[in-house]
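# Structural description and commentary
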Amino acid sequence: GAVVSQHPSRVICKSGTSVKIECRSLDFQATTMFWYRQFPKQSLMLMATSNEGSKATYEQGVEKDKFLINHASLTLSTLTVTSAHPEDSSFYICSASVFGLGVALNEQFFGPGTRLTVL
Amino acid sequence: KQEVTQIPAALSVPEGENLVLNCSFTDSAIYNLQWFRQDPGKGLTSLLLIQSSQREQTSGRLNASLDKSSGRSTLYIAASQPGDSATYLCAVSSSGGSYIPTFGRGTSLIVHP
């Protein structure tokens, strides 16, 4: 199946710093990428939908100035957590939708996630 | 707004049992339904995807069924093994909008030897 990578897998930072997380589709082009946040023992909460070459669409309650999303190419989307605070500590997961011959439209492939801890 | 519910929330069984995990959704106008597996601290692995025109999909010991009219899907795991221990998530993409999937809260499965 299609492979999605995330980097870094784990990051610890001080309060007030900014952290960038990368999401890459390794063997396919993804027109749409999604960013999720997951708290312990909870399901995934969609933060934003990212389309290549256009501004991200944020879900209600997600601060777009706090969580900056850039989708500069069909294989890369980045999430930057600006001025991180301890309450931003969470597990962040990206996914990509695959389009193409022999691939189901809108099938989601997920990255391995990034564990962010803000001290 | 689509709502997805998974029952049970947690399940602990001895090795070898056949299992049924349930997923229900409120809006039957779906595009597809996808089952995922998530190991602790890891991302999601896609197990099976069922298009709205399909009734079931099979992969190895896994079988997923879809009944749109009743708003239900089941994931059947045959001859469970300790390696099947994980959280299983159901996600539904609705056809009347952006196709963004809505996730259930998952079923946490433990298969003990």
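This write-up is about the structure you can find in this document. (Residues numbered from 1 in each chain as written. Chains lettered and ligands numbered in written order. Predicted model: local features only at pLDDT ≥ 70, side-chain atom pairs only at ≥ 80, totals over all residues. Heavy atoms only, no water.)

Bringing the overall build of chain B into the picture now. Helix and strand content of chain B: zero helices and 11 strands. Walking chain B from its N terminus toward its C terminus, one meets helices and strands in the order β-β-β-β-β-β-β-β-β-β-β. For chain B, whose C-alpha radius of gyration is 14 Å, the value lies close to the compact-globule estimate of 13 Å for 113 residues. Each principal axis of the C-alpha distribution contributes one length, and for chain B these read about 45 × 25 × 20 Å. When burial is assessed residue by residue, chain B has 42% of its 113 residues classed as buried. (Helix = DSSP H or I, 4+ residues; strand = E, 2+ residues; numbered from the N terminus. Rg over C-alpha atoms; globule rule 2.2 N^0.38 Å. Buried < 20%, exposed > 50% of the residue type's maximum accessible area, 1.4 Å probe, protein only.)

As a further point, take the interface of chain A and chain B. The interface of chain A with chain B comprises 19 residues on the first partner and 20 residues on the second. Note on chain A versus chain B: buried area summed over both sides is about 1500 Å², and carbon and sulfur give 55% of it. At the boundary of chain A with chain B, the tally comes to zero salt bridges. Counting every contact that joins chain A to chain B gives four residue pairs in polar contact (both at pLDDT 80 or more). Those elements that provide at least two residues to the side of chain A that touches chain B are β4 (32–38), β5 (44–51), β9 (90–98) and β10 (107–110) of chain A. For the side of chain A that touches chain B, the class distribution of residues is 10 nonpolar, seven polar and two charged. (Contact = heavy atoms within 4.5 Å. Buried area = accessible area lost by both parts, 1.4 Å probe. Salt bridge = Lys/Arg side-chain N within 4 Å of Asp/Glu carboxyl O. Polar contact = N/O pair within 3.5 Å; in protein donor to acceptor, adjacent residues only side chain to side chain. Nonpolar A, V, L, I, M, F, W, Y, C, P; charged D, E, K, R; others polar.)

Everything listed here is a matter of coordinates, which is why it stays silent on function.
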